[in-house]
Amino acid sequence: MSQTYFLEAYNYHRLVIFFEQVPLVTKVLNIQESKEIKQSERQMVVNHIINLLETAEETLQYVDMERGRVSSGACKTLLARVYLNENIYDKVLETTNQLLGKYTLHTAGNTPYEDLFSGVAENSNEIIFSIERMATTGSIKTGHYVNQIFFLKGMSGGDALLASTPGGSLIDSYPMIDGRLIKENGSAYNAKEPYKNRDPRFYQTVIYPTGQIKYLSEGILKSTLYDPENASMIIPEQLYNAKEPSPTGYMWNKYVDWSLYSMVEITDCTNDIIIM
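Residues numbered from 1 in each chain as written. Predicted model: local features only at pLDDT ≥ 70, side-chain atom pairs only at ≥ 80, totals over all residues. Heavy atoms only, no water.

Q: Sorry, what's going on with the nonpolar core here?
A: Generally speaking, nonpolar side chains in soluble globular proteins are found buried as a group. With 27 residues, the main nonpolar core has Phe6, Ile49, Leu53 and Met276 as its most contacted residues. For this core, the secondary-structure elements that each account for two or more residues are helix H1 (2-19), helix H3 (42-60) and helix H4 (72-85). The element contributing the most residues to this core is H3, with eight residues. Residues Ile127, Leu152, Tyr226 and Ile274 belong to the second largest nonpolar core, which totals 25 residues. (Core = buried A, V, L, I, M, F, W, Y, C linked by side-chain atoms within 4.5 Å. Buried < 20%, exposed > 50% of the residue type's maximum accessible area, 1.4 Å probe, protein only. Helix = DSSP H or I, 4+ residues; strand = E, 2+ residues; numbered from the N terminus.)

Q: Which parts of the structure should I look at to understand the packing of H4 against helix H5 (residues 89-97)?
A: Helices that pack against each other are described as a pair by the angle of their axes relative to one another and the distance between those axes. Direction vectors running N to C along H4 and H5 enclose 165°, while the axes themselves pass 8 Å from each other. Comparing the axis directions of H4 and H5 gives the class roughly antiparallel. Between H4 and H5 lies a crossing of left-handed hand. Contacts from Lys76, Leu79, Ala80, Tyr83 and Leu84 of H4 reach H5 at Tyr89, Lys91, Val92, Thr95 and Thr96. Its residues assigned to classes, the contact of H4 with H5 shows six nonpolar, two polar and two charged. (Axes fitted to C-alpha atoms, helices over the stretch in contact; angles between N-to-C directions. Parallel < 35°, antiparallel > 145°, perpendicular 65-115°, else oblique. Left-handed = near helix turned anticlockwise from the far one by under 90°. Contact = heavy atoms within 4.5 Å. Nonpolar A, V, L, I, M, F, W, Y, C, P; charged D, E, K, R; others polar.)

Q: Before we go on, may I ask you to explain the packing of H1 against H3 in this structure?
A: Put simply, H1 and H3 touch, their axes get as near as 8 Å, and they point 150° apart. By the criterion of interaxial angle, the relationship of H1 to H3 is roughly antiparallel. Note that H1 runs across H3; the crossing there is left-handed. Of H3, the residues touching H1 (which contributes Ser2, Tyr5, Phe6, Glu8, Ala9, Tyr12, His13 and Val16) are Arg42, Val45, Val46, His48, Ile49, Leu52, Leu53, Thr55, Ala56, Thr59 and Leu60.

Q: Would you explain the packing of aromatic side chains in this entry?
A: By convention here, two paired aromatic rings are described through the distance between centres and the angle between planes. A full pass over the atoms with the stated rule returns 14 aromatic pairs. Arranged with centres 6.2 Å apart and planes meeting at 85°, the rings of tyrosine 195 and tyrosine 250 form a pair that is edge-to-face. Residue tyrosine 195 is found in the loop between helix H8 (168-173) and helix H9 (200-205), and its partner tyrosine 250 is found in the loop between strand S4 (220-226) and strand S5 (251-252); the two are separated by 55 residues along the sequence. Accessibility expressed as a relative area gives 11% for tyrosine 250, which makes it buried. Summarising the aromatic geometry, the rings of phenylalanine 202 and tyrosine 208 are spaced 5.4 Å apart at their centres and angled 35° between planes, so their arrangement reads as tilted. We note that phenylalanine 202, like tyrosine 208, is buried. An aromatic cluster is present here, built from Tyr174, Tyr195, Phe202, Tyr203, Tyr208 and Tyr250 joined pairwise through their rings. One cation-aromatic arrangement involves lysine 141 over tyrosine 145; the distance from NZ or CZ to the ring centre is 5.3 Å. (Phe/Tyr/Trp six-rings, centres within 6.5 Å; stacked < 30°, edge-to-face > 60°. Lys NZ or Arg CZ within 6 Å of the ring centre and 35° of its normal.)

Q: When you look at the pattern of salt bridges in this model, what are you seeing that I'm missing?
A: Side chains carrying opposite charge are able to pair once their charged atoms draw close together. Applying the stated criterion to the full structure yields 14 salt bridges. Taking the shortest distance from any N to any O, the salt bridge between glutamate 122 and arginine 67 comes out at 3.3 Å. Placement of glutamate 122 in the loop between helix H6 (112-118) and strand S1 (130-131) and of arginine 67 in the loop between H3 and H4 is noted, with a sequence separation of 55 residues between them. Owing to a relative accessible area of 15%, glutamate 122 belongs among the buried residues under this scheme. Across the salt bridge formed by glutamate 132 and arginine 67, the nearest N and O atoms sit 3.3 Å from each other. (Salt bridge = Lys/Arg side-chain N within 4 Å of Asp/Glu carboxyl O.)

Q: Please explain the side chain of asparagine 253 as it appears in this structure.
A: Residue placement: asparagine 253 occurs in the loop between S5 and helix H10 (260-264). On the basis of relative accessibility, which here comes to 6%, the residue asparagine 253 falls in the buried class. Among the polar contacts listed, one links the side chain of asparagine 253 to the side chain of tryptophan 258, at a separation of 3.1 Å. Excluding its chain neighbours within four sequence positions, the residues that come into contact with asparagine 253 are Glu114, Tyr203, Gln204, Thr205, Val206, Ile207 and Trp258. (Polar contact = N/O pair within 3.5 Å; in protein donor to acceptor, adjacent residues only side chain to side chain.)

So, in structure tokens, the structure goes:
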């Protein structure tokens, strides 16, 4: 029940962020009630979220939860986010202090940030709560579709949808390696070399023109130049003048499952979905 309380709190928290005032439902509604229910006062919903998380945490603090399950730490982390969103900073500090020493940043390898989301480091102690995914073996789907949604044409044997691509505003939001924004005074940003010396997370989140892109060839995962303006590019389907190129010129790298299995089965990815 405590995990259910957390999930309810998480969803109401997102609703409050997106819509401010939403109906607060605490019982099963009949058809007529569902047609007549009104928006609740925002503070009433926030108080409900806090009560759910405090109740869940009281029980879960005595339980050692496995990966993919809600833990006491997940409750406290979400509670801190709620307090932060409400500008209750003393409660943010009080709650986050209780998490000190329980979680650590993942820094191993050359691409530690990417590895958290690709599945390589999904057992890292940095991850507080995630939705566990694995290869489907029966009638119930246990993988996910991110590769099909994110992939460009010609990357694998599956039918890529190009349903989500990063936009220019996101690219511009990444600072330089020294922390300065690209339009900030003293920034080393050069419009002629827009992808040079950017924050390391940029390179691990986005596949950009003149960068490298991975693709599947005869069962082998390979890497090649991604340059949609270069007619000699190995994957012609990705050229700007191709039938279905990236609509923005970019592709997501974050959350892609680069395992050989998921490069073939692009609708059955096995990397966990990290929530916090």
